[in-house]
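Observations on the three-dimensional arrangement
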Amino acid sequence: LSLGQAMQLTNILRDVGEDLRRGRLYLPRDLLDQFGVREADLHAGHVTPEYAALVQHLSGLAHHWYDEGRSGIPLLEGRARFGVAVAARLYRGILDELARHHCDNLNRRAVVSGKRKLWLTLQELDVQLTQSTLYPIDWAEKQYARLRAG
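Only a predicted model underlies this, so the values are computations on that prediction, with no experimental measurement involved. (Residues numbered from 1 in each chain as written. Predicted model: local features only at pLDDT ≥ 70, side-chain atom pairs only at ≥ 80, totals over all residues. Heavy atoms only, no water.)

Describing the side chain of Asp 104
You can see Asp 104 is positioned in the loop between helix H6 (78-100) and helix H7 (114-130). Look at Asp 104: it is buried, it has no salt bridge, and the nearest opposite charge is Arg 108 at 6.0 Å. Reaching out from Asp 104, the side chain makes a polar contact with the backbone nitrogen of Leu 106 at a distance of 3.1 Å. Separated by 3.0 Å, the side chain of Asp 104 and the backbone nitrogen of Asn 107 make a polar contact. Residues contacting Asp 104, with those up to four places away along its chain left out, are Val 47 and Leu 98. (Helix = DSSP H or I, 4+ residues; strand = E, 2+ residues; numbered from the N terminus. Buried < 20%, exposed > 50% of the residue type's maximum accessible area, 1.4 Å probe, protein only. Lys, Arg positive; Asp, Glu negative; His and termini not counted. Salt bridge = Lys/Arg side-chain N within 4 Å of Asp/Glu carboxyl O. Polar contact = N/O pair within 3.5 Å; in protein donor to acceptor, adjacent residues only side chain to side chain. Contact = heavy atoms within 4.5 Å.)

Structure, rendered in structure tokens:
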């Protein structure tokens, strides 16, 4: 559940600018008010300090849920475990991109580049192999043989 919430919140944060241009706003009204964010500033594409604080708050919540959700990944079976772990790592990477661009999701979409996706996938592969929980050894050996045969 936590992992799904984290990914959904990441989607919302990634798409704020696009959603606004389509007449939609999925950020909670109570949080907009609590942080002093004005809708007019959002529509004008102004990343105010108040808005940046809200985005950082929501990103922190998503990071918390990612941390919680990772604890359930080892309970998944075989290849599903790796797929979910990589998806979580890639989605979390969207939050890193958002932070790198100073919380500006109004004028640009936070995306993870192809090279970064590859790097994050390899990092997760290393984690999974280190934990020796990725795949049954016979499955991995068959895949390796298939790849070598070309």
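That shown, we press on.
Section: the nonpolar core
Judged by nonpolar contacts, the single largest core of 33 residues is most densely connected at Leu 13, Leu 27, Tyr 51, Leu 54 and Tyr 66. Counting residues per element, the ones that place at least two in this core are helix H1 (2-14), helix H2 (16-21), helix H3 (29-35), helix H5 (49-70) and H6. At 8 residues, H5 tops the list of elements feeding residues into this core. (Core = buried A, V, L, I, M, F, W, Y, C linked by side-chain atoms within 4.5 Å.)

Looking at the packing of H1 against H6
Interaxial distance between H1 and H6 falls to 10 Å at its minimum, and their mutual angle equals 35°. Between H1 and H6 the crossing geometry is left-handed. Together, Leu 3, Met 7, Thr 10, Asn 11, Leu 13 and Arg 14 of H1 and Val 84, Ala 87, Ala 88, Tyr 91, Ile 94, Leu 95 and Leu 98 of H6 make up the contact between the two elements. Considering only residue class, the contact of H1 with H6 consists of 10 nonpolar, 2 polar and 1 charged. (Axes fitted to C-alpha atoms, helices over the stretch in contact; angles between N-to-C directions. Left-handed = near helix turned anticlockwise from the far one by under 90°. Nonpolar A, V, L, I, M, F, W, Y, C, P; charged D, E, K, R; others polar.)

Notes on H7
For H7, built from 17 residues, the straight-helix expectation of 24 Å at 1.5 Å per residue is met to within 8% by its first-to-last C-alpha distance of 24 Å. By the burial criterion, the buried members of H7 are Leu 120, Glu 124 and Gln 128. One face of H7 carries all of its buried residues, which in axial projection span an arc of 80°. Residues Lys 115, Leu 118, Asp 126, Leu 129 and Thr 130 are exposed on H7 and point more than 90 degrees away from its buried face. Tucked inside the fold, the buried residues of H7 contact H5 and H6. (Expected span 1.5 Å × (residues − 1). Arc of directions from axis to C-beta.)

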